[in-house]
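Spelled out, the chains give:
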Amino acid sequence: MLGIEKIAVHVPPGRASNLTLRETFDIDESFLTEKIGVLERALKAPDVDTSDLALAALHKLFEEQERSRPDIDALVVVTQNPDTNMPHVSALLQARAELPSACAAFDISLGCSGYVYGICVLQAFLVANGLSRGVLVTCDPYSKIIDPNDKSTVLLFGDAATATLIGPDPVLTCGPFTFGTQGDLTGALSCTNGVLHMNGREVFNFAATVVPRDIAALLDRAHLNKEDVDCFIFHQGSRYIVETLAKRIGLAKDKVRMDILRTGNTVSSSIPLLLQKEINNPSVRTMVLSGFGVGLSWSSCVCKKVG
Amino acid sequence: MVQIKTLADLIAGLDVVPDMSRFDSDKTFRDNGIDSLDVMTVFLAVEENYGIKISEDESLRINSPAQLLSAINARI
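Residue positions are given per chain, counted from 1 along the sequence in the order it is written. As a convention, the first chain written is A and the first ligand written is 1, with the rest following in written order. Only residues with pLDDT of 70 or above have their local features reported here, since the model is predicted, and side-chain atom pairs are shown and tallied only from 80 upward, although totals for entire chains, interfaces and linings are computed over all residues.

So, on to the overall build of chain A. Helix and strand definitions here come from DSSP, where helices need a minimum of 4 consecutive H or I residues and strands a minimum of 2 consecutive E residues; each element is numbered from the N-terminal end. When you go through chain A residue by residue, the secondary structure sums to nine helices and 13 strands. C-alpha atoms define the radius of gyration, and 2.2 Å times the number of residues to the power 0.38 defines the globule rule. A compact globule built from 307 residues would reach a C-alpha radius of gyration of about 19 Å, and chain A, at 18 Å, matches this within 12%. In terms of principal-axis extent, the alpha carbons of chain A reach across some 55 × 45 × 35 Å. Put plainly, a residue is buried at 20 or more neighbouring C-beta atoms within 10 Å of its own, exposed at 12 or fewer, and partly exposed in between, counting only other residues' C-beta atoms, which are placed from the backbone. Looking at chain A as a whole, 54% of its 307 residues are labelled buried.

Here it is as structure tokens:
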């Protein structure tokens, strides 16, 4: 069975402080820490592009798993902020990471639901074609599209990239999956003329109502109860939305992961950033991942430790 | 017709007001200690509880529990 063999992450060293924006947006530090949950945002350097961040994550993956590089059959990049519209970022990466020319490479255009979708797509692609190893990269640097004067977005988003190796010797298996789309709400989170726009209330209502139903459907499909799950990793939209989900689903706080204080919401990278930390946590065997955002789109899955 | 006490009870149950003994429906949400994120929780609870929808445009004009009560009663 295929599953996750390893996760590598790259968070750029640059930081943008939210504390310096308190006066501009008439907010205090407790609002930043207790409500938004972000004190500073990870920020790529201006001359660093999407493929550079993604390559850094890939390099970290291969530093620890060099033997895998020649065996990579597929490379999938989840992004909506590529270096350019053409070519796709995965093609740039395939060359720069010196992956085999037989390696399939394609991008997936999804936002915060992209990691969970990506795992399912890559696993299915490998199985359908009798292939054994692939890498899923997430890299969506929103600093490229943020309006610095927009309170509803500038305090939230950070830059990061992750690389997840899918193969036949997994430490985590993933499935079943659930998916969904509310395309009638596309306007709630969109990018026009190179600038991100977010209707916070619409996105909040969507997440607060759709995700709990989706988690219930997922647990039902997996024949699990909430109590069977050791930890829930929701997309880290904000501290407020994660806590709202925990409350509405009825989850104990210690089962719900939350960590965006020093990075911000890193879009499709937020789930693998947290999932990586749980791989070596012996008290966690069964997890639920749930991503939701641009589309509006959502996807959830169960992850179980192997062995 | 929804009474202000009913709405106040609904808001109290959301645990978003630091001190309900000082709750004043005519004061702004902010002056009642309800910040912009908690306002979203209040609106969602109202929409779910009364089966109504308050548009984005109208929500931007509603700044106090009393104004929210008027919006509810205009719909039910």
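Now for the interface of chain A and chain B. Contacts are defined on C-beta atoms placed from the backbone: any two residues whose C-beta positions lie within 7 Å are in contact. In this complex, chain A contributes 10 residues to the contact, which on the side of chain B involves eight residues. Secondary structure elements with two or more residues in the side of chain A that touches chain B: α2 (29-36), α7 (200-222) and α8 (239-249) of chain A. Looking at which element gives the most residues to the side of chain A that touches chain B, the answer is α7 of chain A, with five residues. Throughout this entry, Asp, Glu, Lys and Arg are counted as charged residues, while Ala, Val, Leu, Ile, Met, Phe, Trp, Tyr, Cys and Pro are counted as nonpolar. The remaining residues, Gly among them, count as polar. In terms of residue class, the side of chain A that touches chain B is made up of four nonpolar, three polar and three charged.

Let us look at the confidence of the model for chain B. With 100% of its residues at a pLDDT of at least 70, chain B reaches an overall mean of 93. Reported confidences for the modelled complex are a pTM of 0.95 and an ipTM of 0.91. As a per-residue measure, pLDDT tells how confident the predictor is, with possible values from 0 to 100.

All names here are of chain A. Start and end positions for the domains come from either an automated domain assignment or a database one. By the assigned domains, chain A splits into domain 1 (3-170) and domain 2 (173-305). Centre-to-centre separation of domain 1 and domain 2, based on C-alpha positions: 16 Å. At the junction of the two partners, domain 1 supplies 44 residues and domain 2 supplies 43 residues. Contributions of two or more residues to the side of domain 1 that touches domain 2 are made by β1 (3-10), α2, β3 (40-42), α5 (114-128), β6 (134-139), α6 (151-154) and β7 (161-167).

Moving on to α8 of chain A. Within the sequence span of α8 of chain A, burial applies to Arg239, Tyr240, Ile241, Val242, Thr244, Leu245 and Ile249 of chain A. The inward-facing, buried residues of α8 of chain A contact α2, α7 and β11 (231-234) of chain A together with α2 (36-50) of chain B. Residue Gly250 of chain A follows α8 of chain A closely and has a positive phi angle near 85 degrees.

With that settled, consider the pairing of strand β4 (residues 74-78) of chain A. Residues and elements named next belong to chain A. In terms of burial, β4 is a largely internal element, five of the five residues being buried. Along β4, one buried face is formed by Ala74, Val76 and Val78 and the opposite face, lined by Leu75 and Val77, is buried too. Strand pairing follows a simple DSSP-based rule, namely that at least 2 bridges must link the two strands. As defined by bridge partners, β4 adjoins strand β5 (residues 104-108) across five bridges and the pair is classed as parallel. Within the sheet, the bridge partner assigned to Val76 lies in β5 and is Phe106. Note on handedness: a clockwise path from strand one over the helix to strand two, with the strands aimed away from the viewer, defines a right-handed crossover. Crossover handedness for the path β4 to helix α4 (residues 89-96) to β5: right-handed. Pairing of β4 with β6 involves five bridges; the strand directions are parallel. Paired with Val77 across the bridge in β6 is Val137.

With an omega of 0 degrees, the peptide bond between Gly175 of chain A and Pro176 of chain A qualifies as cis. With respect to the secondary-structure elements, Pro176 of chain A resides in strand β8 (residues 172-181). Note that the residue after Gly295 of chain A, namely Leu296 of chain A, is joined by a cis bond; omega there is -5 degrees. When you line up the elements, Leu296 of chain A lands in the loop between β12 (286-293) and β13 (297-305). A positive phi angle, close to 60 degrees, is found at Val267 of chain A, a residue other than glycine. On the secondary structure map, Val267 of chain A appears in the loop between α8 and α9 (270-278). Residue class for Val267 of chain A comes out buried when judged on the 32 C-beta atoms lying within 10 Å of it. Within the chain, Asp15 of chain B stands out as a residue other than glycine whose phi angle is a positive 60 degrees.

What follows concerns the environment of Asp230 of chain A. Residues and elements named next belong to chain A. If you trace the backbone, Asp230 turns up in the loop between α7 and β11. Sequence-wise, Asp230 and Leu155 are 75 residues apart; in three dimensions their C-alpha atoms are separated by 31 Å. Excluding residues that lie within four positions of it along the chain, Asp230 makes contacts with Lys255, Ser283, Val284, Arg285, Thr286 and Met287.

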